[in-house]
Amino acid sequence: MEKWKETEPSRPAKWWYSTFHIVTAMIGAGVLSLPNAMAHLGWGPGIMVMLLSWCMTLNTMWQMIQLHECVPGTRFDRYLELGQHAFGPKLGPWIVLPQQLIVQVGCDIVYMVTGGKCLKKFVEMVCINCTPIRQSYWILMFGGIHFFLSQLPNFNSVAGVSLAAAIMSLSYSTIAWVGSLSHGRVENVSYGYKYTSPADSMFRVFNALGQISFAFAGHAVVLEIQATIPSTPEKPSKVPMWKGAIGAYFVNAICYFPVALIGYWAFGQDVDDNVLMALKRPAWLIASANLMVVVHVIGSYQVFAMPVFALLERMMMQRFNFPPGLALRIVTRSTYVAFTLFIGVSFPFFGDLLGFFGGFGFAPTSYFLPSIMWLVIKKPKRFSISWFINWASICVGVFIMMASTIGGFRNIVADSSTYTFYS
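Parameters at a glance
Residues numbered from 1 in each chain as written. Predicted model: local features only at pLDDT ≥ 70, side-chain atom pairs only at ≥ 80, totals over all residues. Heavy atoms only, no water. UniProt positions renumbered as here; feature names shortened; annotations may be inferred. Phe/Tyr/Trp six-rings, centres within 6.5 Å; stacked < 30°, edge-to-face > 60°. Helix = DSSP H or I, 4+ residues; strand = E, 2+ residues; numbered from the N terminus. Buried < 20%, exposed > 50% of the residue type's maximum accessible area, 1.4 Å probe, protein only. Lys NZ or Arg CZ within 6 Å of the ring centre and 35° of its normal. Contact = heavy atoms within 4.5 Å. Core = buried A, V, L, I, M, F, W, Y, C linked by side-chain atoms within 4.5 Å. Expected span 1.5 Å × (residues − 1). Axes fitted to C-alpha atoms, helices over the stretch in contact; angles between N-to-C directions. Parallel < 35°, antiparallel > 145°, perpendicular 65-115°, else oblique. Left-handed = near helix turned anticlockwise from the far one by under 90°. Nonpolar A, V, L, I, M, F, W, Y, C, P; charged D, E, K, R; others polar. Salt bridge = Lys/Arg side-chain N within 4 Å of Asp/Glu carboxyl O.

The chain has the name Amino acid transporter transmembrane domain-containing protein in an unreviewed UniProt entry, where Erythroxylum novogranatense is given as its organism. The UniProt entry for the chain carries the following text under Subcellular location (unreviewed entry): "Cell membrane".

Q: How should I be thinking about the packing of aromatic side chains in this particular structure?
A: Scanning all chains against the criterion turns up 10 aromatic pairs. Ring plane angle 50° and centroid distance 6.5 Å describe the contact between Tyr301 and Tyr336, whose orientation is recorded as tilted. With Tyr301 in helix H11 (residues 283-320) and Tyr336 in helix H12 (residues 326-346), this pair connects stretches of sequence that are 35 residues apart. Judged by centre distance (5.6 Å) and plane angle (90°), the rings of Phe309 and Tyr336 are edge-to-face. Of this pair, Phe309 sits in helix H11 while Tyr336 sits in helix H12; the two residues are 27 residues apart in sequence, bridging distant segments of the chain. Here the two residues Phe309 and Tyr336 agree in accessibility, since each one is buried. For Lys378, the ring lying beneath its charged end belongs to Trp374, and the centroid distance is 5.6 Å.

Q: What exactly am I supposed to notice about the environment of Ala166 here?
A: Mapped onto the secondary structure, Ala166 falls in helix H7 (residues 158-183). Residues Ala166 and His296, spaced 130 residues apart in sequence, show a C-alpha to C-alpha distance of 8.2 Å. Filtering out sequence-adjacent residues up to four positions away, Ala166 remains in contact with Phe20, Val23 and Thr24.

Q: Looking at this structure, I do not really get the nonpolar core. What am I missing?
A: Buried together is how nonpolar side chains tend to be arranged in soluble globular proteins. Counting 108 residues, the largest nonpolar core has Ile212 and Tyr256 as the members making the most contacts within it. For Tyr256, the contacting residues outside a window of four places in its chain are Met26, Ile27, Gly28, Val31, Leu34, Met50, Ala215 and Phe216.

Q: Explanation requested: the environment of Trp43 in the structure shown.
A: Positionally, Trp43 belongs in helix H3 (residues 43-67). Setting aside chain neighbours within four positions, we find Trp43 in contact with Met38, Tyr191, Leu261, Tyr264 and Trp265.

Q: Honestly, the UniProt feature "transmembrane region" (unreviewed entry) in the chain in this entry has me stumped. Any pointers?
A: Sites flagged by UniProt as "transmembrane region" (unreviewed entry) map to residues 15-34, 40-58, 158-181, 246-267, 287-312, 333-350, 356-376 and 388-409. Strand forms 0% of residues 287-312 and helix 100%; the C-alpha atoms that close the span are 37 Å apart. For residues 388-409, the end-to-end C-alpha separation is 32 Å, with 100% helix and 0% strand making up the annotated structure.

Q: Can you walk me through helix H5 (residues 91-126) in this structure?
A: Working note: α-helix, 3.6 residues per turn, so residues spaced by three or four point in the same direction. For H5, which comprises 36 residues, the first-to-last C-alpha distance of 53 Å matches the rise-based estimate of 52 Å (1.5 Å per residue) to within 8%. Of all 36 residues making up H5, 26 are buried, and the element is well covered by its neighbours.

Q: Just to check I follow, could you spell out the packing of helix H2 (residues 34-41) against helix H10 (residues 238-267) for this structure?
A: The geometry of a pair of packed helices is captured by two quantities: the angle between their axes and the separation between those axes. It is the contact of H2 with H10, at a shortest axis distance of 8 Å, that shows an interaxial angle of 55°. Between H2 and H10, the angle falls in the class oblique. For the crossing formed where H2 meets H10, the hand is right-handed. Seen from H2, the contacting residues are Leu34, Pro35, Met38 and Ala39; seen from H10, they are Tyr256, Val259, Ala260, Leu261, Gly263 and Tyr264. Classifying every residue of the contact of H2 with H10 by side-chain character gives 9 nonpolar, 1 polar and no charged.

Q: Help me understand the pattern of salt bridges, please; the structure alone is not making it clear to me.
A: Under the criterion given, the structure shown has 3 salt bridges. Residue Glu69 is joined to Arg75 by a salt bridge in which the shortest nitrogen-to-oxygen separation is 3.5 Å. Each member of the pair, Glu69 as well as Arg75, carries the same accessibility label: buried. For Glu313, the salt bridge goes to Arg333, with nearest N and O atoms at 2.6 Å. In this pair, Glu313 sits in helix H11 while Arg333 sits in helix H12, placing the two residues 20 residues apart along the sequence. You can call Glu313 buried: its relative accessible area is 12%. On the basis of relative accessibility, which here comes to 4%, the residue Arg333 falls in the buried class.

Written as structure tokens, this is what we have:
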């Protein structure tokens, strides 16, 4: 938390910085699984859940932006600080910090799988005669990159990295829906529910809710983004930040809805859990899209990993008196990369991982935790419109969290039983 200053040279960001920072944090590999989520939900419920998620998370982002300066003269620059203000200095970290860690570690595991799969697809498309290599090896190759990149002490040009990643996100999302549109509907396409057994269908629907909630991320870092914008009592940061958030949600809409709807329209219930995997023509364009995903998740992995690195290094220094320096970085960061790589290679179920982490981490931080903090801090009048909206968000968000966590975990277990490990 920091007091207002007349001049804040360390907070030089403009409103459009927040747009591409939020776009980078929100639009990631999760967009490619939206057609698969539609295949389990169907046209009506799928569109309804997508629209509901878009509206709910836009409302909770507005709440986060307003709460950034809810105490006159003080700025809550981190989700943890706002949590401590809302729930108390002891309870706050226990409520907020685990959710943020799940989001960051979960994203990194999913990005390991995504990067390896898309790298495999890219090489196979540009080198038709090359000897096929196991998927596990591609994930290992992608993970190997991060053993080196993780040793970088920090990002000196976060704005540049975010802008490049945002462009990549927009590009491969556009290629995904344009490619699906040009591909056309597959022969004998079916839009019926993916039905196996009543129990399995229910868990797959639960998992689809998690896949959609994974796609609406960004709230875990929205306060850190707002912290880069200068603020005075006359010109509070919430005005340009909200302007930037509206821009980001517009970009979100033109990426998510076409990918989800056109991808499902083209492939029906047989769509892959990564829609790019089903596209083959034009080869050069689809190969480019897969390479864009690889480049995007290389940067995104490091962005989500950096706060975890800082937490681990601080813990090593405080609890084990580990001296700061290169040795500390090599031990902690290499261990973390190896852990996410091991989980990614062992359970490369892209859709199931999205569902599990989407429910377990993203649903609380994006759907209902901001509403709980709003009720605690702002105390809206009971039975007012604001009160009803927040309680509705909490009820829907808790249901999505519980259902998609159970569905994702169950599907990982079910798919593991028929999967040859490290194949």
